[in-house]
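Now for the letters of each chain:
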Protein chains: 2
Amino acid sequence: MSDLGSGDEGISGSSDLPEERHMKVDNKNFYFDIGQNNRGVYMRISEVKNNFRTSITIPEKCWVRFRDIFNDYCDKMKKSSDSVTADNNLPTTTINNLK
Amino acid sequence: MSDLGSGDEGISGSSDLPEERHMKVDNKNFYFDIGQNNRGVYMRISEVKNNFRTSITIPEKCWVRFRDIFNDYCDKMKKSSDSVTADNNLPTTTINNLK
């Protein structure tokens, strides 16, 4: 990601915060914004769909825990999709044998 | 829409979905629930604080992208906190020397 807008150093320390990210999937957009208040750094993840916005705010001190949980889910789904792929290979082999 | 009753195997394949997870930080609770509808598997992440609940819903096909973005933020904050830690080590050493 580019460093556009990092020239705006109005808020003390804000220049050290990572910049916002964006992810689009189907008709949904996710925005990752990093902010800071008197209780520390936080990440706000917003989901925007059809002009409706909802968001959650995650304090920095639990980002690693959050990441680990999310990562576990990715691993689990990868494993289950791997086994589905393995199952799907069987009929293909059968078809090849029939040629 | 809660999917209580994951013991209910009425929906084909639902028993393969990862179980829900929970994370508490300060006075906030985050819940990770996996569900499935006709458009596929999704994760709902809910933030609950003072009886107020807000949530985002992430389709499975973008979990890996989501995880990568989140991971980048963890890495960036780790780097910036490492440099802060390095700065903080100086006074600690001084205190040890005073013992």
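Since the structure is predicted, the reported quantities are computational estimates derived from the model, not experimental observations.

## Topic: the side chain of Asn-29 of chain A
All names here are of chain A.
- If you trace the backbone, Asn-29 turns up in strand S2 (residues 28-37).
- Of note is the side chain of Asn-29, whose polar atom sits 2.6 Å from the side chain of His-22.
- In contact with Asn-29, not counting residues within four places along its chain, are His-22, Met-23, Lys-24, Ser-46, Glu-47 and Val-48.

## As for the pattern of salt bridges
Residue and element names in this part refer to chain A.
- Under the definition given, this model contains 10 salt bridges over all chains.
- In this structure, the salt-bridge partner of Glu-47 is Lys-28, at a minimum N-O distance of 3.2 Å. Of this pair, Glu-47 sits in strand S3 (residues 40-49) while Lys-28 is found in strand S2, placing the two residues 19 residues apart along the sequence. Each member of the pair, Glu-47 together with Lys-28, is buried.

## Structural notes on the pairing of strand S3 (residues 40-49) of chain B
Residues and elements named next belong to chain B.
- The element S3 is extensively covered by neighbouring structure, given that 8 of its 10 residues are classed as buried.
- Between the end of strand S2 (residues 28-37) and the start of S3, which pair antiparallel, lie 2 residues.
- What sits between S3 and strand S4 (residues 52-59) in their antiparallel hairpin is a turn of 2 residues, with Asn-50 showing a positive phi close to 50°.

## Concerning unusual backbone geometry
- Even without being a glycine, Asn-51 of chain A presents a positive backbone phi close to 65°.
- Structurally, the position occupied by Asn-51 of chain A is in the loop between S3 and strand S4 (52-59).
- In this model, Asn-50 of chain B sits at a positive phi of 50°, which is unusual for a non-glycine residue.
- With respect to the helices and strands, the residue Asn-50 of chain B is situated in the loop between S3 and S4.
- Residue classification places Asn-50 of chain B among the exposed residues on the basis of a relative accessible area of 65%.

## A short note on the pairing of S4 of chain A
- As judged from the 8 bridges shared by S3 of chain A and S4 of chain A, these two strands associate in the antiparallel manner. Note on S4 of chain A: the bridge partner recorded for Lys-49 of chain A is Phe-52 of chain A.

## Quick word on the environment of Lys-49 of chain B
- When you line up the elements, Lys-49 of chain B lands in strand S3.
- Each C-alpha atom, one on Lys-49 of chain B and one on Cys-74 of chain B, is 23 Å from the other, the two residues being 25 residues apart in sequence.
- Not counting residues up to four positions away in its chain, the partners in contact with Lys-49 of chain B are Arg-39 of chain A together with Asn-27 and Lys-28 of chain B.

## Thoughts on the packing of aromatic side chains
- Counted under the stated rule, the structure contains 12 aromatic pairs over all chains.
- Ring geometry for Phe-70 of chain A and Trp-63 of chain B: centres 6.4 Å apart, planes at 70°, overall edge-to-face. Taken as a pair, Phe-70 of chain A in helix H1 (residues 63-98) and Trp-63 of chain B in helix H1 (residues 63-98) lie in two separate chains rather than in one.
- Overall, the relative accessible area of 1% leaves Phe-70 of chain A in the buried class.
- Counting every residue linked through ring pairs, the aromatic cluster contains Phe-30, Phe-32, Trp-63, Phe-66, Phe-70 and Tyr-73 of chain A together with Phe-30, Phe-32, Trp-63, Phe-66, Phe-70 and Tyr-73 of chain B.

Conventions adopted
- Residues numbered from 1 in each chain as written.
- Chains lettered and ligands numbered in written order.
- Predicted model: local features only at pLDDT ≥ 70, side-chain atom pairs only at ≥ 80, totals over all residues.
- Heavy atoms only, no water.
- Helix = DSSP H or I, 4+ residues; strand = E, 2+ residues; numbered from the N terminus.
- Polar contact = N/O pair within 3.5 Å; in protein donor to acceptor, adjacent residues only side chain to side chain.
- Contact = heavy atoms within 4.5 Å.
- Salt bridge = Lys/Arg side-chain N within 4 Å of Asp/Glu carboxyl O.
- Buried < 20%, exposed > 50% of the residue type's maximum accessible area, 1.4 Å probe, protein only.
- Pairing = 2+ DSSP bridges.
- Phe/Tyr/Trp six-rings, centres within 6.5 Å; stacked < 30°, edge-to-face > 60°.

So far we have only geometry, and geometry alone does not tell us how the molecule works.
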